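# Tertiary structure, described
The lines below spell out each chain.
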Amino acid sequence: MNDLVFALAGTVGVVTLAIGMAVGARRLLGLRVGTLRMVLASLVGFATAVVFGNHVQPPLERGALATVMVGISVLVTMAFLVLADVVMSDRSRPVAWTRRLHRRIMRVHRYAQIGVILARHGLAPFLRRKDRTGKDRGGAAGRLGSPRLARSLRLAIEEGGVTFVKLGQLMSTRPDAIPSEFTEELSKLQCKVAPAPWPEVRRVLEDELGGLVDSEFAEFDPEPLAAGSVAQVHRARLTSGTSVVIKIQRPGIHHIVERDLDIMGRIAVTLEERADWARSIGAVALAEGFATALREELDFQVELRNMSAIGAAAAEAGTAVCVPEQFHRLCTKRVLVLEHLEGTPIGEAGPRVERAGLDREKLAGVLLDCMMRQVMIHGVFHCDPHPGNILLLDDGRLALLDFGVVGRLDAKARSALRALLLAVKRGDRAALCDALLDLVIRHDDLDEQALERELGDFVTLFLTAGATPDLEMFAGLFRVIAGHGLSVPPQVAGLFRMLATLHGTLMGLAPSFDIVTESRELVAGYYTERFQPAALRATAGENVLSMMAMLSKVPRRLDRITGALEEGRLGVTVRLGARERDRRLVTGLVHLSLITVLAAAFGIMGVLLLGTDSGPLITPTLGLLDVFGYNLLVVSSVLGLRVLVRVFRGEP
């Protein structure tokens, strides 16, 4: 019985000691670890101490080196925890290993497909910076011919699928970064996809809405009204009798897009490393911006919010432009239920316009006013107003469709844009230059006078009375911007893309419509609206209310300042490290430096003590200074490991 009690007591003591060493090692490292790793680390550390103790001979030295054995055990425990933190991190758990392996296999398979597509269209050599002779691939590109290369790229992108097609469409709107031969060819990109079978689409609908499908919908039309690369649209009727359209995301599209975006990001990084042309257009930044926009397009809740914002802007343009009503309780991330609007796409509505005797110029003016209000006043605008996204309704109104991609402009950008349009109206090239520089990203070596002269020539060529603006106007503006090394922010690039698309739509609707003159008058009208008595009173009232609280404190503060000045007590206090973040950074650096110095000092002292032959002996073969030296080396190793962990984990 006594033996059992002693055995249990010894076991408890051993376990307690082992766990204590693991807890101490964790605290020394500053790591957060799970229970399993704690137990394993304690067992490994204790086993190391036992093995080390068994190899210390004679037994008398074992007692003298007890502190050294404990220190080595703690050191081994710390090393185990560090290794476990690297190997068993969240990304490296067995389940994650399986998923990563599956993703890697799928990625390799997709890489092979892309490689075959590139080779089929003769594009593989252009991924290298230089050919086998060491010459720049630009020479090879010249021999192949840019138009031919652009066509090969367009065909390869079409074969690559939805994600690459959408990237190519985005690239076609960046003449500031991509040669005109490529933008013209990429503008022809179309994602030709067959509609998904209705049973698969209905399964998506049921997964998103559950029981609401049977309780809210009376019937569906299995034949889609339209089928796109991301979603397809079906007619339906609610149980209330309301006719609606349902936009349903294509089954499995999210997985396909995420896989291709991952590959696209990796390809962009590789291209920037290997190809000069990729670095010149900023391939990585382009891919990242595109990925963000495409993920937003896959979330229909974002599109729903976009519709609400643009609907408010359309309402200000009058009843002549509308946005479909949204049934919010039936909308999810993959399903949109909208009012069904009877009408004809504006690009196909010519015969209807003639039969109804509608004024084309008036329709174009209404559409331009709606889009300009979105940009100039609300800062949220429809980014793709092509003829297929604008309906001419049976009652003569216009309707905007498809809000998956919208642009956003902050207050500063809107103010700069208003200033730019007013400068164009006045013919003031200096003001035009200042407004443009507020819209783009400038560099330190910019020659503003040369830019101002080129902008003056641009205005004379494209924006004077009688000039007919066309796509060449936008290309010319981008040439001016790119020629001076200016970068166009994504939000401004989206605006230029919208304006170019809107220009084509308006010219198709009313070929004689003077976009430049109408835009100038609209912007001037927006300024006039802001200076109407009612608007000025409202703005003044808001400003006064916001300033009243501040103004009420001014007399007291002035009295305190003048009193302190009179008595000679006025001074300025500068508080170093006032922010908590700065204090933590300084404290962390001091601690890390102190630990590093201590680790080095203990290591040097340990080596010196071990190299000393004098001193009292504990055993016939072991001196007291040797024990101190071993202990100092262990402490130095523990502190050094702590420093390395903090450095490699990026901690201050």
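Residues numbered from 1 in each chain as written. Predicted model: local features only at pLDDT ≥ 70, side-chain atom pairs only at ≥ 80, totals over all residues. Heavy atoms only, no water.

### A short note on the overall build of the chain
Within the chain, the regular secondary structure consists of 26 helices and 13 strands. Burial analysis of the chain (652 residues in total) assigns 39% to the buried set. With the model as given, the accessible surface of the chain reaches about 36000 Å², and the carbon-plus-sulfur share is 60%. (Helix = DSSP H or I, 4+ residues; strand = E, 2+ residues; numbered from the N terminus. Buried < 20%, exposed > 50% of the residue type's maximum accessible area, 1.4 Å probe, protein only. Areas by Shrake-Rupley, 256 points an atom, 1.4 Å probe, with all protein chains shown as cover.)

### Structural notes on the sheet that holds strand S5 (residues 321-322)
Spatially, the four strands line up as an open sheet ordered S5-S10-S9-S7, and their pairing is mixed. Pairing within the sheet leaves two strands with one partner each, and these edge strands are S5 and strand S7 (343-345). With two bridges connecting them, S5 and strand S10 (residues 398-400) associate as parallel partners. Its bridge partner lying in S10, Cys322 is registered against Ala399. Across the sheet, helix H17 (residues 360-378) lies against S5, strand S9 (390-393) and S10, angled at about 35° from S10, the strand it touches most. (Pairing = 2+ DSSP bridges. Contact = heavy atoms within 4.5 Å. Axes fitted to C-alpha atoms, helices over the stretch in contact; angles between N-to-C directions.)

### What to know about helix H7 (residues 146-160)
Between the first and last C-alpha of H7 there are 21 Å, a value that for 15 residues agrees with the 21 Å anticipated at 1.5 Å per step. The first or second residue beyond H7 is Gly161, which carries a positive phi of 110°. (Expected span 1.5 Å × (residues − 1).)

### So, the UniProt feature "transmembrane region" (unreviewed entry) in the chain
UniProt tags residues 34-52, 64-88, 585-608 and 628-648 as "transmembrane region" (unreviewed entry). Counted over residues 585-608, helix gives 100% and strand 0%. Its end C-alpha atoms are 35 Å apart. (UniProt positions renumbered as here; feature names shortened; annotations may be inferred.)

### Structural notes on the packing of aromatic side chains
Per the counting criterion, the structure on display carries two aromatic pairs. Taken together, the ring pairs in this structure connect Trp198, Phe217 and Phe220 into an aromatic cluster. Residue placement shows Lys247 over the ring face of Phe300; its charged tip is 5.2 Å from the ring centre. (Phe/Tyr/Trp six-rings, centres within 6.5 Å; stacked < 30°, edge-to-face > 60°. Lys NZ or Arg CZ within 6 Å of the ring centre and 35° of its normal.)

### Some words on H17
Helix length check: H17, at 19 residues, gives a terminal C-alpha distance of 26 Å against a target of 27 Å (1.5 Å per residue), a fit within 8%. N-cap assignment for H17: the residue whose side-chain oxygen lies 3.0 Å from the backbone N of Glu361 is Asp359. Count one or two residues on from H17 and you reach Gly379, which has phi positive near 75°. (Polar contact = N/O pair within 3.5 Å; in protein donor to acceptor, adjacent residues only side chain to side chain.)

### With respect to the environment of Ala291
By the secondary structure assignment, Ala291 is in helix H14 (residues 283-298). The spatial distance from the C-alpha of Ala291 to the C-alpha of Val257 is 9.1 Å, given a sequence separation of 34 residues.

### Quick notes on a nonpolar patch on the surface
There is a patch of nonpolar side chains on the surface, built from Met547, Met550, Leu551, Val554 and Leu558 and spanning about 450 Å² of accessible area. Mapping Met550 onto the fold places it in helix H24 (residues 533-566). (Patch = residues over 30% accessible without salt bridge, like charges linked within 9 Å, V, L, I, M, F, W, Y side chains within 5 Å. Salt bridge = Lys/Arg side-chain N within 4 Å of Asp/Glu carboxyl O.)

### Regarding the pairing of strand S6 (residues 335-339)
Along any regular strand the residues' side chains alternate between the sheet's two faces. With four of five residues buried, S6 lies mostly within the body of the structure. Alignment of strand S4 (residues 243-249) against S6, held across five bridges, turns out to be antiparallel. Its bridge partner lying in S6, Ile246 is registered against Val337.

### Remarks on the pattern of salt bridges
All chains considered together, the criterion is met by 15 salt bridges. Note that Arg329 and Glu216 form a salt bridge whose closest N and O atoms lie 2.8 Å from each other. Of the two residues, Arg329 is situated in the loop between S5 and S6 and Glu216 in helix H11 (residues 212-216); the sequence distance between them amounts to 113 residues. One connected set of salt bridges, linked through shared partners, spans Arg202, Glu206 and Asp214.

### Describing unusual backbone geometry
Negative phi values dominate among residues other than glycine, just as trans dominates among peptide bonds. The phi angle at Asp402 is positive, at roughly 60°, despite the residue not being glycine. Along the chain, the position of Asp402 falls in the loop between S10 and strand S11 (406-408).

### Quick look at the confidence of the model for the chain
Put simply, the chain has an average pLDDT of 76, and 76% of its residues get 70 or more. Segment residues 129-144: pLDDT under 50, and 23 contacts once partners within four positions in sequence are set aside and those in other chains are kept. (pLDDT = per-residue confidence, 0-100.)

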